[in-house]
There are 2 protein chains.
Amino acid sequence: MASRAKATILDIAREAGVSKSTVSLVLQGSGLIRPETALKVRKAIEDVGYVYNRGAANLRKAHSNVIGMVINDLTNPFFAEMAVGMERVFQSAGVVPFIANTAENPVRQEEVLKSLMEQGVAGLIVSPARGTTPGAFRRIETAGLPIVFTMRRLPESRIPVIAPDNHRGARLATAHLIGKGHRRLAFFGGSSDLVVYHERLGGFREACEALGIASRDTLVVEGETSRRGGIACLETALAMAEPPTAALCFNDAVAFGVMLALRKRGLEPGADFAVVGFDDVVEAQHYMPALTSVAVDSAGLGERAAHVMLKMIQSRTTRAEDHIGAVNLVVRDSCGPDRRAGMGDAA
Amino acid sequence: MASRAKATILDIAREAGVSKSTVSLVLQGSGLIRPETALKVRKAIEDVGYVYNRGAANLRKAHSNVIGMVINDLTNPFFAEMAVGMERVFQSAGVVPFIANTAENPVRQEEVLKSLMEQGVAGLIVSPARGTTPGAFRRIETAGLPIVFTMRRLPESRIPVIAPDNHRGARLATAHLIGKGHRRLAFFGGSSDLVVYHERLGGFREACEALGIASRDTLVVEGETSRRGGIACLETALAMAEPPTAALCFNDAVAFGVMLALRKRGLEPGADFAVVGFDDVVEAQHYMPALTSVAVDSAGLGERAAHVMLKMIQSRTTRAEDHIGAVNLVVRDSCGPDRRAGMGDAA
DNA sequence: CCTATTAAATGGAACGTTCCAATAAATCAA
DNA sequence: TTGATTTATTGGAACGTTCCATTTAATAGG
C-alpha cells in the first residue's frame, strides 16, 4: 500500500495510465477531465498513498491557503477565545490558520515571523509582543504580505488594527465606579510601552476629570498584566497614606490578582474595595465574587480580523480600515452595592 | 529597496556578483566560502529584501524544521500550558511548532492534519479529538511521518503516547476522599468514548474497592468536560435518593462547575460536599475555595513530548516508548476538613 | 466525406532551491 | 618549474508541481 519513497503525481500517473498533467487537473478539480478518468485517477491517488506537496505547488502558484496567527500569550484565555472566532471564519473560507506563540518575547516573535514567511503564508494576523521594535514588520510590509494587528497597535505603524474601544470601555467602567460613590480611584496593571495601556488609562483619566475627581485622588500603578501583577498593585496601593477604595484593572487577570490579594488581607472584594476588570473572559462570571468587567467580544474581534484578512488577500492589497469594536460594561458583584443608595445598573 | 516581484537567490547572486551556488552556501552557513564573500552576499541579501523559500528548499532537502501541534481544545488552559512546555524545548532545537486547533471536531481534525502534511512538517504532536476514528492516522503512519499522542490515546493504536498516570491519580484522589471519611462517592464528567475516561474511572473504582466502598455506594455521571458539564452532573447527583457527599471530577473544569452549582444551591464546597479535580490548572489554586486537584505537570508533559518527537525525527524512526508522567495530589480546601479528626496532609 | 468545432488529454518549460561534480585559483612539495 | 593538494567558486540537474501550447479524439455541420 505504501511505497517507501513518497509518491508524486508521476507515480499516480503511471498507476492510472494517464499523464501527470491529467493528474494535476484532477487534483484541482478541473471540469476538463472526463468523470471516468477522474475516478480512475482518484483511485490511484488512494492506492499509492499520495500526499500533496504544497511547497512544490506554491513554486508556481504563488498563493497558499494558510495564514499565520501570531499571538503574544497563548495562556491568556482571551487570545484563545479570539483564535476560536478567527478559526470559524477561516474554516468556511477553506483557509487553515497556523498559530504560533511568542510568549511576549520580541526575539521569539522575529523567529516565528521569519518561519511563517518562509513557509509562504498568504497573510499574517499578529498581536505584537511587548517591546516590539517599530521596524520589526518593515520586511514583511515590503514583501507585500498582508498583515493585520489585533488588540495591540504599534506606535507609528500604518498596519490596520482590529481592537476594542479601549478608551470608551475604561471611561464607562470608571464612570460606573464614580457613580457608586467612590472618590479615590486607582488604575492597576499594564505598562506604558503598550499603546493599549495609554488608551485605557486615557479613558480612566477622562472620566475622572469629567466627573470631578481630582488627579491627586487617583493612583496609577503599573505592573505585570497577570494575577501576580494584580497582587503587587494592590499591595502598593494599600501601603499609601490614603488608599483608594476602588480600582479599574488593566485586564481581568490583574483583577483576579487584586481580588485574591484583598481576600488574603481579610478584605472582601465588592464590599470593602471595588474592582472592575477588562476583557470579560469566561472566568469572570464564575469567580467569587463575579467580576464586573468590560466585555470586548473577543470572538467577534477574531472574526472581524479574519474577514479583513480575507478581503485583503482577495483584493491583493496591503491596506485596510482600522476596526474599533464596541464594548460594554458587564456589571456583576465585584464592585459592590452603591455607596449611597442601592440598585446597580444593568449592562 | 524592495523590488516588486519577490527576490530569489539569483537576484542576490547578480547583486553580489557571485553565483547562485555561492549564495546558497552562504545561506546555509557553510564554512567553505571566504568570509569577505559571505559578507558581500549577506549585504546583498539585505539589499534586495530577500525571503527564503522553504518550500523550494524542501523539494530537495526533504526535512523541514516545523512540526505541527494539533490540539483538541485551545480554550482549555491545560493545553496552553502544555504547548508552552513544548515550545521551550523546540525553540532551543531550532524547530518551530505550528499549532492548530480542532475544537474537538474529527472532521476539522482531518483537514488540519491534511494541511499540515501538505506543508511538509517534520512531525506531528496530536491530542486527538473525541470521536477520532481508528483509521484517521493510517495515512500519516504509512507516510512514515513521526507522530506522538499527548494526553489521549486511541483504542488500538501503536502510536507512542505521552500522558499522565491517570489511573494512579484517580486512585490517590479517591483514597484521599475515603480517608476523610466519605462513604458515598461520585465520579463526575467525561464520557466513555475517551480512553482517559476509563483510566480515571478505573482508578476511582479500584480505590473504592480496595478501601471497602460498595459499588452501590458509588455514582458515576457522565457529562461534558466543561463547567457546564459539572453543573449538570451535580444536579443529577443531588436528585438521587441518597446523594454522594464527595466527588472526583474528570477534570478541573468540571470541578469548577460542580463548585459553582453547589454555591447556587446554598451548599459550601469543602464543608458540605467535597470535590477534587484533575489536571491542576493554574486557576485551581486561585479559586474560592482553592481546588484540591491531581497535578499532572502539563508543561513537563509538553517538554517530554517534544523531546520524544525530536528523538524520533533524528533517528528517523516512527516508534517510541510511551511515557506515563508522575502525578501528585495537591490538597487544598475544596475537600474540606476530615470528617472525623482534623489536619490535612500536605502535597 | 471533408472540414470546423469542441472536448479531453498531454509534453515541456518554469518555479527557487540544493548538491554533486567540475573548474579555477592559490598554495605547497619536490 | 611541474605536479599534487587544498581552497573557493560554479554550472547544471533534480526536486514535485502548474500552466501554456499543442496534439489527439470525438462530434457536428455541410
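Before reading further, recall that the structure is shown in the block above.
Just so it is clear, the model here is predicted, and its values are computed rather than measured. (Residues numbered from 1 in each chain as written. Chains lettered and ligands numbered in written order. Predicted model: local features only at pLDDT ≥ 70, side-chain atom pairs only at ≥ 80, totals over all residues. Heavy atoms only, no water.)

Draft legend 1. Examining the protein's contact with DNA strand D more closely. Residues in contact with DNA strand D amount to 26 residues; listed here are only the nearest, S24 and Y50 of chain A together with K20, T22 and T37 of chain B. By atom count, sugar and phosphate contribute 67% of the portion of DNA strand D lying within 4 Å of the protein. T22 of chain B has a polar side-chain atom sitting 2.5 Å from a phosphate oxygen of DNA strand D. Take R60 of chain B: an N or O atom from its side chain is 2.9 Å from a base nitrogen of DNA strand D. (Near = heavy atom within 4 Å. Polar contact = N/O pair within 3.5 Å; in protein donor to acceptor, adjacent residues only side chain to side chain.)

Draft legend 2. Summary view of the interface of chain A and chain B. The partner chain B presents 44 residues to the 44 residues of chain A that form the contact. Across the interface of chain A and chain B, roughly 4600 Å² is buried in total on both sides, 56% from carbon and sulfur atoms. Our count for the chain A to chain B interface comes out at six salt bridges. Across the salt bridge formed by R54 of chain B and E118 of chain A, the nearest N and O atoms sit 2.4 Å from each other. Between chain A and chain B we count nine residue pairs in polar contact (both at pLDDT 80 or more) in total. Elements represented by at least two residues in the side of chain A that touches chain B include exactly helix 4 (54-61), helix 5 (77-92), strand 2 (96-101), helix 6 (106-118), helix 7 (138-142), helix 11 (252-264) and helix 12 (283-286) of chain A. With six residues, the top contributor of residues to the side of chain A that touches chain B is helix 6 of chain A. When grouped by side-chain class, the residues that make up the side of chain A that touches chain B number 22 nonpolar, 11 polar and 11 charged. (Contact = heavy atoms within 4.5 Å. Buried area = accessible area lost by both parts, 1.4 Å probe. Salt bridge = Lys/Arg side-chain N within 4 Å of Asp/Glu carboxyl O. Helix = DSSP H or I, 4+ residues; strand = E, 2+ residues; numbered from the N terminus. Nonpolar A, V, L, I, M, F, W, Y, C, P; charged D, E, K, R; others polar.)

Draft legend 3. How the structure looks around the side chain of R152 of chain B. Residue and element names in this part refer to chain B. Of note, R152 is situated in the loop between strand 4 (147-150) and strand 5 (161-164). A polar side-chain atom of R152 sits 2.8 Å from a polar atom in the side chain of E104. Polar contacts involving the side chain of R152 include one to the main-chain carbonyl oxygen of P128, which spans 2.9 Å. Residues in contact with R152, not counting those within four places in the same chain, are N72, E104, S127, P128, A129, R130, V161, L194 and V196.

Draft legend 4. Looking closely at the relation of the copies chain A and chain B. Overlaying chain A with chain B gives an RMSD of 0.1 Å, the required rotation being 180 degrees about an axis along which the chain moves by 0.1 Å. Classification of the inter-copy transformation places it as that of a two-fold axis. Within chain A, G55 of chain A has its C-alpha nearest the rotation axis, a separation of 2.0 Å. Residue by residue, 100% of the interface of chain A is reproduced at the interface of chain B, so both copies engage with the same surface. (Least-squares fit on C-alpha atoms with pLDDT ≥ 70 in both.)

Draft legend 5. Layout of helix 2 (residues 20-27) of chain B. Residues and elements named next belong to chain B. Among the residues of helix 2, those classed as buried are T22, V23 and V26. Each buried residue of helix 2 lies within a common arc of 100 degrees when the element is viewed along its axis, so the set occupies one face. Those residues of helix 2 that are buried lie in contact with helix 1 (9-16) and helix 3 (35-48). Trailing helix 2 by a residue or two, G29 shows a phi angle of about 65 degrees, which is positive. (Buried < 20%, exposed > 50% of the residue type's maximum accessible area, 1.4 Å probe, protein only. Arc of directions from axis to C-beta.)

Draft legend 6. Spatial organisation of the protein's contact with DNA strand C. Surrounding DNA strand C, one finds 26 residues, the nearest of these being K20, T22 and T37 of chain A together with S24 and Y50 of chain B. Protein-proximal atoms of DNA strand C, defined as those within 4 Å of the protein, fall in sugar or phosphate at a share of 68%. Between DNA strand C and T22 of chain A there is a distance of 2.5 Å, counted from a phosphate oxygen to a side-chain nitrogen or oxygen. Elements represented by at least two residues in the surface near DNA strand C include exactly helix 2 (20-27) and helix 4 of chain A together with helix 2 and helix 4 (54-61) of chain B. The biggest single contributor to the surface near DNA strand C is helix 4 of chain B, with five residues. Classifying every residue of the surface near DNA strand C by side-chain character gives 11 nonpolar, nine polar and six charged.

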